[in-house]
2 protein chains.
Amino acid sequence: MIASGSVDDRVDDMLHRLGCRVTQPRRDVARLLASKRGAFSAESINEELPGVGRATVYRTIRLLAEAGVLCKALLPDGSPRYSIDHSWHHHHLICSSCETVEEFRSAELERLLCELGAEIPGQVLGHQVDFYVNCPDCLQDDGAHEARSTADNGG
Amino acid sequence: MIASGSVDDRVDDMLHRLGCRVTQPRRDVARLLASKRGAFSAESINEELPGVGRATVYRTIRLLAEAGVLCKALLPDGSPRYSIDHSWHHHHLICSSCETVEEFRSAELERLLCELGAEIPGQVLGHQVDFYVNCPDCLQDDGAHEARSTADNGG
DNA sequence: TCGCTAGTGAGACTGAGTATCACCATATGT
DNA sequence: ACATATGGTGATACTCAGTCTCACTAGCGA
């Protein structure tokens, strides 16, 4: 357990910094999130942590999202996906097919959005830019399926 | 009834063009939507049309959204709002306080998004830009509340 | 160590949206 | 105008994500 100490410590530190108690369930959730690469749903976390209550999983995710540790993206149908927020402001490439969420950044886009924001009546709190895409993987899969069905039709 | 003929005719025309049957419930929903100014939830339409079944309201809204007659925006919590799509591509100003949705357009933004889209791996299907704001009305209300609570504290 | 209280988990609840299915009304052919 | 095939409807059951409740637990400061 000594080897994993550093991750645990960082998780504990983070929870401390948020001004909340460092409990085992929160540690479990935070550690699992820290190990995630892409975007994930709250429900998937819930399923991966059968020892932690549903309510606690949702509470912890909300806590971390509100604290800016997690970043929330909305699929076209409105269902939320979370990912570790690397603190650089970014936007999302959402695959309409497999629902994976990738990040992208553009300084030029930010500058323009900032300019546009200045012209908007009222107070701008933030913005969100999503590109809906078919990711390369899904395109490849589609191509394979089409080729196969064409072969079926032809044969 | 002659005076309202033109709106009815346009609604009937539109339903015809969508290649579906022109039924009374669809007419009712479409006419109510046509009379709406801002963005609305499916549930609000359901409440305003007690004579039309819930399922039919949701079905009709989905039908019109898929046909491009309605435009769908997502609030920060992921709940959808619909508005008449005036067919010019546009984006949204979403008030985090009162949840009203306004449209905005920017040719410059579109050009940049198009450029960025060209560099994205895979196939870009579309994009969405939302500004989260406190609208002028809500800012004014907040100001009034703050002034009031300050007065309370002071008095 | 003790005790306060924030946090937890089981499960009830909620609200939005979908599926089912018997029945109905519209479009169409004659 | 009438018959009729079938797409559409509404009541309602269902699903699913997320929240609330509340008795119980455990973290943390004294």
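Chemist: It is not clear to me how the protein's contact with DNA strand C should be interpreted in this structure. Could you clarify?
Modeler: Taken together, 23 residues form the shell around DNA strand C, and within it Cys20, Gly53 and Thr56 of chain A together with Val22 and Ala55 of chain B come nearest. Among the secondary structure elements, those contributing two or more residues to the surface near DNA strand C are α2 (24-34) and α4 (54-66) of chain A together with α3 (42-48) and α4 (54-66) of chain B. The residue inventory of the surface near DNA strand C, partitioned by class, reads nine nonpolar, six polar and eight charged.

Chemist: I'm lost on the interface of chain B and chain A in this one. Help?
Modeler: Size of an interface: often given as the accessible area lost when the parts come together. Each side of the interface is counted separately: chain B has 30 residues, and chain A has 30 residues. Those elements giving two or more residues to the side of chain B that touches chain A turn out to be α5 (107-119), β5 (123-134) and α6 (136-154) of chain B. The dominant element in the side of chain B that touches chain A, judged by the number of residues it contributes, is β5 of chain B, at 12 residues. Across 11 bridges, the pairing between strand β5 (residues 123-134) of chain A and β5 of chain B is antiparallel. Looking at β5 of chain B, one finds that Gln123 of chain A is bridged to Asn134 of chain B.

Chemist: How should the environment of Ser83 of chain A be read in this particular structure?
Modeler: All names here are of chain A. Along the polypeptide, Ser83 turns up in strand β2 (residues 80-84). When the C-alpha positions of Ser83 and Glu103 are compared, they lie 9.6 Å apart, and in sequence the two are 20 residues distant. Excluding residues that lie within four positions of it along the chain, Ser83 makes contacts with Gly38, Ala39, Leu70, Cys71 and Val101.

Chemist: Teacher, can you tell me more about the protein's contact with DNA strand D here?
Modeler: Of all residues adjacent to DNA strand D, which total 24 residues, the nearest are Ala55 of chain A together with Cys20, Thr23, Gly53 and Thr56 of chain B. If you list the elements that add at least two residues to the surface near DNA strand D, you get α3 (42-48) and α4 of chain A together with α2 (24-34) and α4 of chain B. Taken together, the residues of the surface near DNA strand D sort by class into nine nonpolar, seven polar and eight charged.

Chemist: Any chance you could explain the sheet that holds strand β3 (residues 91-95) of chain A here in plain terms?
Modeler: Paired through their backbone hydrogen bonds, the strands of a sheet run either parallel or antiparallel. The mixed open sheet is built from six strands, whose spatial order is β4(A)-β3(A)-β5(A)-β5(B)-β3(B)-β4(B). Only two strands of the sheet have a single neighbouring strand rather than two, namely β4 (101-104) of chain A together with β4 (101-104) of chain B. When strand polarity is set aside, the average angle formed by the axes of neighbouring strands in this sheet is 30°.

Chemist: I keep staring at the domain arrangement of chain A and nothing clicks. Help me out?
Modeler: Residue and element names in this part refer to chain A. Assigned domains of chain A: these are domain 1 (1-87) and domain 2 (89-155). Contacts between domain 1 and domain 2 engage seven residues on the former and seven residues on the latter. For the side of domain 1 that touches domain 2, the residue count by class is four nonpolar, two polar and one charged.

Chemist: Please clarify how the pairing of β3 of chain A should be interpreted in this entry.
Modeler: Within a regular beta strand, the side chains point alternately toward one face of the sheet and then the other, so they alternate between its two faces. Residues and elements named next belong to chain A. Buried residues dominate β3, accounting for five of its five residues. Residues His91, Leu93 and Cys95 line one face of β3 and the alternating positions His92 and Ile94 line the opposite face, and both faces are buried. As judged from the four bridges shared by β3 and β4, these two strands associate in the antiparallel manner. Paired with His91 across the bridge in β4 is Phe104. Joining the antiparallel neighbours β3 and β4 is a turn of five residues, in which Glu99 adopts a positive phi near 65°.

Chemist: I keep staring at the packing of helix α5 (residues 107-119) of chain A against α5 of chain B and nothing clicks. Help me out?
Modeler: Think of two packed helices as two axes; the pair is described by the angle between the axes and how far apart they sit. The contact between α5 of chain A and α5 of chain B brings their axes to 11 Å, and the two run at 165°. Between α5 of chain A and α5 of chain B, the interaxial angle falls into the category roughly antiparallel. Seen along the crossing, α5 of chain A lies across α5 of chain B with a hand that is left-handed. Seen from α5 of chain A, the contacting residues are Glu108, Leu109, Leu112 and Leu116 of chain A; seen from α5 of chain B, they are Glu108, Leu109, Leu112 and Leu116 of chain B. Taken together, the residues of the contact of α5 of chain A with α5 of chain B break down into six nonpolar, no polar and two charged.

The rules behind these values
- Counting restarts for each chain: residues are numbered from 1 in the order of the written sequence.
- Note on labels: chains are lettered from A, ligands numbered from 1, in written order.
- At least 70 in pLDDT is required for a residue's local features to be given in this predicted model, at least 80 for side-chain atom pairs to be given and counted, and no such filter applies to totals for whole chains, interfaces and linings, which use all residues.
- By definition, a residue lies near a molecule or strand when the C-beta atom built from its backbone is within 6 Å of it.
- Strands are runs of DSSP state E lasting at least two residues, helices are runs of H or I lasting at least four, and both sets are numbered from the N terminus onward.
- Residue classes follow a fixed rule: Ala, Val, Leu, Ile, Met, Phe, Trp, Tyr, Cys and Pro count as nonpolar, while Asp, Glu, Lys and Arg count as charged, and any other residue, Gly among them, counts as polar.
- We call two residues in contact when their backbone-placed C-beta atoms lie within 7 Å.
- Criterion used throughout: strands pair if DSSP finds at least two bridges between them.
- Lines fitted to C-alpha atoms define the axes here, with helix axes fitted over just the stretch in contact, and angles between the N-to-C directions of these axes take values from 0 to 180 degrees.
- All the domain ranges listed were derived from an automatic or database domain assignment.
- Whether a residue is buried, exposed or partly exposed is read from the other C-beta atoms within 10 Å of its own C-beta, which are placed from the backbone; 20 or more gives buried, 12 or fewer gives exposed, and intermediate counts give partly exposed.
- Roughly parallel means an angle under 35 degrees; roughly antiparallel means over 145; roughly perpendicular covers 65 to 115; every other angle is labelled oblique.
- In this scheme the handedness of a crossing depends on how the near helix is turned from the far one: anticlockwise by less than a right angle means left-handed, clockwise means right-handed.

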